[in-house]
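# Secondary and tertiary structure notes
Here are the chains, one letter per residue:
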Amino acid sequence: MLKRKLSQLAVYNIEEEVDALPFLRFQKLYLDKVSESIYVVKDKHLYGIVCMGEALHLDVDGYARINRNFTKMVDYNVIKAHEIFSRKTKIHSIPVVNEQGELLGDYSRWDDELYVERNQELLMQKDMVKRILKPYDEVYVVEPMDRDDCNYLSLVNYLNFSRADYQILRRDQLGEKLLENCICIFVNEDERRCAQCLYGIEPLTYDSMGYDIYSYDLLVNRDLKARLATYRSLLIEIDRKGQLERLGIQAGSKLFLDRIDDKASVIFSLLRKHGIKCFHLRHNEDQMTKYGEKFQKNLAERLKEHPIDLKEPWIKRTDNEEFYDELYQIEDYADESAQKEIFDAMHNYMYQHDITGKYFNAKKGRRVTCFQPYDYQGTIYFLGPCWVIGAYVEDQYTVESWLQKKILEKGYAYKVENYGEMMRLDAAIDMRLQEIGEFQTNDIIVYQSGVGEVIDIEGSSLEKFYEEHNIPNEWVADSYGHCNHKANQLLADSILKKIEPYLCEQKIENGGGVKKVGIDFYTVMEEYMKHKYFDQYFSDFSAEKYNTIGAVVVKCSPFHIGHRYLIETAKKKVDFLIIFVLEEEGFLFPFEERFKLVKEGIKDLDNVMVVPSGEFVLSMKTFPQMYSKADNGVVSLNAEYDAYIFAEYVAKILHITHRFAGKDPKGKISKIYYEALRKALPSKGIIFEEIPRKEIGGEIVKTSKVRKCLKDQNYIEAFSLLPNSTVKYLMNQLNLAV
């Protein structure tokens, strides 16, 4: 988040009340200032805002509507600003006014400087920069308003260091370049969005933070060939490309690098080398088809009129009778007892657990597939999240049961197994495949990726299968993966069509020539984590120099004296301490701010290092419930998985002997996690120690107390709970004199 003064803002003064203004009047402001937001002021008072939405969607006369219903703040308040950005993801700037309503400045969501500052030296890879820029005929660096901007100078030096060919381009020259096959690199996100408003360039998609950089760099208007990037997005692409190459994954230029399921790509590549046939399914096509656009539009309209009830999330007959259709002739569906059983079972569907029921059955955590043969020569394994499990259907109507029935009818000697998984988005593929353990060379794996594309594996999308059968949107609950029994039957046809070439030589009358394959998935995962994470952050770390190495995992939102006390106390107990700062964005303060505050707050300590937690320490991929706070049946399982990953891989690779945490966690999920650590770590020779929390006057220093004081503008008390480095940073954000 970035605080900006009034002099930095684009301000347009009016003398009388109006609803819209000619867009031509704003063009000079977009050239002279750096913001997508134009603040319309009348008699010194903030009257309205023209943001990217208004700038890109003019009326027929070329007028931009003035947004009078906007979010603003009275006086600078860093906590309130973070709360707004966290709650309202489509807001990118918040105007700040005084008690009289006069504009003082604003907060901008984008602060690229922190990411660039942290990563530019780490990502100084000459060859990588050239390779990323190679597909473009021209490379332009768009000159910012402030030519002395440190990030601009750093960007130019970075390209010079990489010996990349580029030209400096003024913003008013950009328009003539948009039809070229070029890349235009802006110094930061505000500069880029300002240019998009000026030239009417609409981004293709946003993620929840508006920062899906790879798809965001693509434009809706296909006539425009230019890619609009930022220094930050360039570094992110270099980082991601470097990770993939270390993993041996060669991603084509047309793929979105942030949508590659690299773990599955590594694992399935190994399986393929052993002769195992692999096939993957993703949800959507990269470019939505006309069918997909119509499907999603109609689905959105239906859900707007009939939103899903979180307490009874199955589809109601009054909302959409077509979903269960003829099944309503069965009494259990008519009175919704069947639907309730299925959803209750899904909620409690747990790894290695059994469920017995009329409509939903599971053995050892695997949902039962109907019609399985006693004798078979190969197995088709399905891995993936809720669609693979069969979220809305009974046992006989899962895609696996439909496929099993069709395969037997065609005379193929194959058994279909449902290894669907609700634990994590990656369907816990490492644990599921390790559970299978031994394969046969005529086995087939069908993997529905909840993470992204699997490289070099034959695949398709649910969207494409839906289009193939022209499936109506009434047959899904809220997405392609949440469908009814009739959709599953047709999808089973599509899957059989895809895998049948692999079955042709394996009919019942044929046999022999089948080899068994055992794979050490532990070693595969160890190598995967080493190349993806440890080679980047610990390449210079010499663990053998120390007898004892400790670890603490912190979020620090923001960093206060309680965190400092925990780190100081832990450091006294070991020779070296590693501080993992949670890299996810599920907290009030963004990661880059939290990471900077931790580094600044402990820089006087010796034998301490601060690193991002990555994907392997309390991340959304290892323990998503830590962020969603969803108290469902898989909380303890994911807590155990995260503790297992830390003990088996992280601690082993880094020779960590101690794990420290603040004593007596208050949240239910945190308590479950602590219990998982107590069970997992000692068995691997790791000491888990809870450190009493810092107290002042008998009261524990809590993050909630710090944030409340800042929000209430009780700065004297708030600053007494913060180290000087955090105070200095926040005073700048609060517009207070340092």
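Structure: see above.
Note that the structure is a prediction, hence the values are computed from the model and not measured.

### A look at the overall build of the protein chain
Counting its regular elements, the protein chain contains 27 helices and 29 strands. By the compact-globule yardstick of 27 Å for 738 residues, the protein chain fits well, its C-alpha radius of gyration being 28 Å. Overall, the protein chain is about 85 × 70 × 60 Å in size when its C-alpha atoms are taken along their principal axes. Taken over 738 residues, the protein chain has a buried fraction of 57%. Summarising the internal contacts of the protein chain: among those between residues at least 6 apart in sequence, 73% fall at separations of at least 24. Approximately 32800 Å² of the protein chain is accessible, and the part contributed by carbon and sulfur atoms is 47%. For the protein chain, the separation between the mean place of its 100 positive charges and that of its 117 negative charges on side chains is 3 Å.

### Focus: the nonpolar core
Of all hydrophobic cores here, the largest spans 83 residues; its most connected members are Leu271, Phe538, Ile578 and Phe580. Of all the elements, helix H23 (residues 635–654) adds the most residues to this core, at 12 residues. In terms of nonpolar packing, the next biggest core, distinct from the first, is built from 57 residues, Ile355, Tyr397, Leu462 and Leu491 among them.

### Structural notes on helix H13 (residues 337–347)
Every buried residue belonging to H13 is among Ala338, Gln339, Ile342, Phe343, Ala345 and Met346, and all of these are buried. An end-on view of H13 places all buried positions within 160° of arc, on one side of the element. Contacts made by the buried residues of H13 are with helix H12 (331–334) and helix H14 (386–389).

### Quick word on the sheet that holds strand S1 (residues 2–5)
Strand order in this open sheet of 4 strands is S1-S9-S8-S7, and the pairing throughout is mixed. Two strands in the sheet have a free side with no partner beyond their single neighbour: S1 and strand S7 (73–74). In this sheet, strand S9 (residues 103–108) lies alongside strand S8 (residues 93–97) in antiparallel orientation, the contact comprising 5 bridges. Bridging from a neighbouring strand, Ser93 pairs with Ser108 of S9.

### A short note on the pairing of S9
By the criterion of burial, S9 is predominantly enclosed, with 5 of the 6 residues buried. In this sheet, S9 lies alongside S1 in antiparallel orientation, the contact comprising 4 bridges. Among the inter-strand pairings, Leu2 is bridged to a residue of S9, identified as Ser108. In textbook terms, the turn of a hairpin is the stretch between consecutive antiparallel strands, and for S8 and S9 this stretch comprises 5 residues, one of which, Gly101, has a positive phi near 85°.

### Considering the side chain of His482
In this structure, His482 sits in the loop between helix H17 (462–469) and helix H18 (485–503). His482 has contacts with Phe323, Cys386, Ala391, Tyr392, Trp475, Val476 and Ala477, leaving out every residue within four places of it along the chain.

### Overview of the sheet that holds strand S13 (residues 227–230)
Strands sit in the order S11-S10-S12-S13 across an open sheet of 4 strands; the sheet is parallel. At either margin of the open sheet sits one strand with a lone partner, and together these are strand S11 (167–169) and S13. Within this sheet the neighbouring strands show an average axis-to-axis angle of 30°, counted without direction. Pairing analysis gives 4 bridges linking strand S10 (residues 138–142) to strand S12 (residues 182–186), with the strands arranged parallel. Bridge pairing links Val139 to Ile183 in S12. Relative to the sheet, helix H6 (residues 150–161) contacts S10, S11 and S12, its axis offset from that of S10 by approximately 155°. Running over the sheet, helix H9 (residues 231–246) touches S12 and S13 and is turned about 90° from S13.

### Description of the packing of helix H10 (residues 262–273) against helix H16 (residues 429–436)
Contact geometry of H10 with H16 gives a least axis separation of 11 Å together with a crossing angle of 25°. One element, H10, and the other, H16, form an angle in the roughly parallel class. Contact residues: H10 offers Lys263, Ala264, Ile267, Phe268 and Leu271, while H16 offers Ile429, Asp430 and Leu433. Each residue belonging to the contact of H10 with H16 can be placed in one class, and the counts come to 6 nonpolar, no polar and 2 charged.

### Observations concerning helix H24 (residues 668–680)
Compared with an ideal rise of 1.5 Å per residue, which puts 13 residues at 18 Å, H24 spans 19 Å between its outermost C-alpha atoms and is within 8% of the ideal. Burial in H24 covers these residues: Ile669, Tyr673, Tyr674, Ala676, Leu677 and Ala680. One side of H24 carries all its buried residues, which in axial view fall inside an arc of 160°. Among the exposed residues of H24, those pointing more than 90 degrees away from its buried face are Lys668 and Lys679.

### Here's the deal with the packing of H6 against H9
Where H6 contacts H9, the axes come no closer than 11 Å and their chain directions differ by 45°. If you check the angle between H6 and H9, you find them oblique. For the crossing formed where H6 meets H9, the hand is left-handed. For the pair formed by H6 and H9, the contact residues are Asn151, Ser154, Leu155 and Tyr158 on the first element and Tyr231, Leu235 and Ile238 on the second. Class assignment for the residues of the contact of H6 with H9 results in 5 nonpolar, 2 polar and no charged.

### With respect to a positive patch on the surface
A cluster of basic side chains, namely Lys555, Lys666, Lys671, Arg693 and Lys702, defines a positive patch on the protein surface. Judged by its relative accessible area of 66%, Lys666 is exposed.

### Here we look at unusual backbone geometry
Note the cis peptide between Ser557 and Pro558, where omega equals 5°. For Pro558, the position within the fold is in the loop between strand S23 (549–554) and helix H20 (561–573). Positive phi outside glycine occurs at Asp43, with the angle close to 55°. Assignment of secondary structure puts Asp43 in the loop between strand S4 (38–42) and strand S5 (45–50). Residue classification places Asp43 among the exposed positions, given a relative accessible area of 56%. A positive phi angle, close to 60°, is found at Asp456, a residue other than glycine. Tracing the backbone shows Asp456 in the loop between strand S20 (444–448) and strand S21 (458–461).

Scoring rules and cut-offs
Once a new chain begins, its residue numbering starts again from 1 and follows that chain's sequence as written. With the structure being a predicted model, the display of local features is reserved for residues of pLDDT at least 70 and the display and counting of side-chain atom pairs for 80 or more, all residues being used for whole-chain, interface and lining totals. Processing note: side-chain calculations cover all non-hydrogen atoms of the structure and skip hydrogens and water entirely. A run of H or I in DSSP counts as a helix once it spans at least four residues, and a run of E counts as a strand once it spans at least two, with each numbered from the N terminus. For this measure, only C-alpha atoms enter the radius of gyration; the expected value for a globule follows 2.2 Å times N^0.38, where N is the number of residues. Each residue is placed in one exposure class: buried if its accessible area under a 1.4 Å probe, protein chains only, is under 20% of its type's maximum, exposed if it is over 50%, and partly exposed if it falls in between. By the convention used here, residues are in contact when the closest approach between their heavy atoms is within 4.5 Å. Here the accessible surface of atoms and residues is derived via Shrake-Rupley with a 1.4 Å probe, and residues count as covered only by protein chains that are part of the display. Positive charges come from Lys and Arg alone, negative charges from Asp and Glu alone, with His and the N- and C-terminal ends not counted. The atoms used to mark charge sites are NZ of Lys, CZ of Arg, CG of Asp and CD of Glu. In this text, buried Ala, Val, Leu, Ile, Met, Phe, Trp, Tyr and Cys residues form a nonpolar core when linked through side-chain atoms within 4.5 Å. This arc is built from the directions going out from the helix axis to the C-beta atoms. Between any two strands, at least two bridges found by DSSP are needed for them to pair. Orientation is described by axes fitted as lines to C-alpha atoms, over the contacting stretch for helices, and by angles from 0 to 180 degrees between their N-to-C directions. By the definition adopted for this analysis, an angle is roughly parallel if under 35 degrees, roughly antiparallel if over 145, roughly perpendicular if from 65 to 115, and oblique otherwise. Three categories are distinguished: nonpolar for Ala, Val, Leu, Ile, Met, Phe, Trp, Tyr, Cys and Pro, charged for Asp, Glu, Lys and Arg, and polar for the others, with Gly belonging to the last. Take the residue count of a helix, subtract one, and multiply by 1.5 Å to get its expected span. Crossing handedness is read from the near helix: turned anticlockwise from the far helix by less than a right angle, it gives a left-handed crossing, and turned clockwise, a right-handed one. Surface patches are defined over residues having more than 30% relative accessible area and no salt bridge, joining like charges when they lie within 9 Å and nonpolar side chains (Val, Leu, Ile, Met, Phe, Trp, Tyr) when within 5 Å. Salt bridges are defined as contacts in which a side-chain nitrogen from Lys or Arg sits within 4 Å of a carboxyl oxygen from Asp or Glu.

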